[in-house]
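# Observations on the three-dimensional arrangement
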Amino acid sequence: MVADGKAELRRRLLAARREVAPAVRAAEADVLAGLAAALPVDGETVCAYVPVGAEPGSAAMLDALVARGARVLLPVVGALDAPLRWAEYRRADLVAGPFGLREPPGPGLEPAALAEAHLVLVPALAVDRRGVRLGRGGGYYDRSLPLRDPHAALVAVVRDDELLESVPAEEHDVPMTHALTPGRGLIGLTAEPTGITRAD
């Protein structure tokens, strides 16, 4: 079953992330912030998230986007079976959310605010060359991403070794257009192309 394959892959990837040394994680987060600063987001709306725990990146990625003139929206987790709501990022205003997340104080904007984004940074445990993303299994992004602008860039933020040749896919999966990794930068995947270009 696809679900069983995803569960086992999640377990292995989460264990591998926990083994990454804090100094390596911090160095990769610095690189990702620099890459985010080079994304073409001037004056655009970007939907992103605050990396927590062993997730690659840091709030410095979001600060870099704001410094470029982007309006950054972060997810606000609500009902378990509902799409994500969104609220504007202000680092000083972040509060503790469900699952150990950091989020703006709610209730925020309706889920349809995602459609305003030119670029969406999406948390992922892995992504493959077809754009198939493996999340944590809560389904929030599966319910939310269908509301996106179909021309928006969907960028999975992963470590270099989390860009895989194949991830188990299900019918509801929304493919990513790009991966952003510390060592390889912005990588186009085989999903529908968008206007975003490599971060150089």
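Above this text is the structure in question.
First, a word on what this report is: a plain description of the structure on this page. (Residues numbered from 1 in each chain as written. Predicted model: local features only at pLDDT ≥ 70, side-chain atom pairs only at ≥ 80, totals over all residues. Heavy atoms only, no water.)

This paragraph deals with the overall build of the protein chain. Of regular secondary structure, the protein chain possesses four helices and twelve strands. A compact globule built from 200 residues should have a C-alpha radius of gyration of about 16 Å, and the protein chain, at 15 Å, falls within 12% of that. Its C-alpha atoms give the protein chain principal-axis dimensions of about 40 × 35 × 35 Å. Buried residues in the protein chain amount to 49% of all 200 residues. (Helix = DSSP H or I, 4+ residues; strand = E, 2+ residues; numbered from the N terminus. Rg over C-alpha atoms; globule rule 2.2 N^0.38 Å. Buried < 20%, exposed > 50% of the residue type's maximum accessible area, 1.4 Å probe, protein only.)

For a regular strand, the rule is simple: side chains alternate between the two faces of the sheet. Strand direction decides the pairing type here: strand β11 (residues 178-181) and strand β12 (residues 185-188), joined by four bridges, are antiparallel. When the sheet's bridge partners are listed, His-178 is paired in β12 with Gly-188. If you look at the hairpin formed by β11 and β12, you'll find three residues sitting between the two strands. (Pairing = 2+ DSSP bridges.)

On to the sheet that holds β11, then. Spatial strand order, β3-β2-β1-β6-β9-β11-β12: seven strands in an open sheet with mixed pairing. Single-partner strands in this sheet number two, and they are β3 (85-88) and β12. The sheet shows a mean angle of 30 degrees between the axes of neighbouring strands, taken without regard to direction. Looking at chain direction, strand β1 (residues 45-47) and strand β6 (residues 119-123) are connected through two bridges and run parallel. Following the sheet pairing, Val-46 is matched in β6 by Leu-119. Along the sheet, helix α2 (residues 22-37) contacts β9 (153-157), β11 and β12; its crossing angle with β11, the most-contacted strand, is approximately 135 degrees. Each of β1, β2 (71-76) and β6 is contacted by helix α3 (residues 59-67), which is oriented at about 145 degrees to β2, the strand it contacts most. (Axes fitted to C-alpha atoms, helices over the stretch in contact; angles between N-to-C directions. Contact = heavy atoms within 4.5 Å.)

The next thing to look at is the packing of aromatic side chains. Here the structure, examined in full by the defined rule, presents zero aromatic pairs. Arg-143 extends its terminal NZ or CZ atom over the ring of Tyr-140, reaching a point 5.0 Å from the ring centre. (Phe/Tyr/Trp six-rings, centres within 6.5 Å; stacked < 30°, edge-to-face > 60°. Lys NZ or Arg CZ within 6 Å of the ring centre and 35° of its normal.)

This brings us to α3. Along α3, the residues classified as buried are Ala-59, Met-61, Leu-62, Ala-64 and Leu-65. Tucked inside the fold, the buried residues of α3 contact α2, β1, β2 and β6. One or two residues past the end of α3 sits Gly-69, with phi positive at roughly 95 degrees.

The next subject is α2. In this model, α2 (16 residues) spans 23 Å end to end at C-alpha, consistent with the 22 Å of a helix rising 1.5 Å per residue. Every buried residue belonging to α2 is among Glu-28, Ala-29, Leu-32, Ala-33, Leu-35 and Ala-36, and all of these are buried. Angularly, the buried residues of α2 cover 160 degrees about the axis, an arc narrow enough to put them on a single face. In α2, the exposed positions that point more than 90 degrees away from the buried face belong to Ala-23 and Asp-30. Contacts made by the buried residues of α2 are with α3, β9, β11 and β12. (Expected span 1.5 Å × (residues − 1). Arc of directions from axis to C-beta.)

Moving on to the pattern of salt bridges. Tallied over the full model, the rule gives 14 salt bridges. Where Glu-8 meets Arg-12, a salt bridge forms, and the shortest distance between an N and an O atom there is 3.9 Å. Of this pair, Glu-8 and Arg-12 both sit in helix α1 (residues 2-18), separated by four residues, roughly a single helical turn. Taking the relative accessible area as the measure of exposure, Glu-8 reaches 36% and is therefore partly exposed. The residue Arg-159 makes a salt bridge to Asp-161 at a minimum N-O spacing of 3.5 Å. (Salt bridge = Lys/Arg side-chain N within 4 Å of Asp/Glu carboxyl O.)

Moving on, we come to the sheet that holds strand β8 (residues 133-134). One open sheet holds the three strands; their spatial order is β8-β7-β10, and the pairing between them is mixed. The sheet terminates laterally at β8 and β10 (163-164), the two strands that pair on one side only. As paired elements, strand β7 (residues 126-128) and β10 share two bridges and run parallel to each other. When the sheet's bridge partners are listed, Val-127 is paired in β10 with Leu-163.

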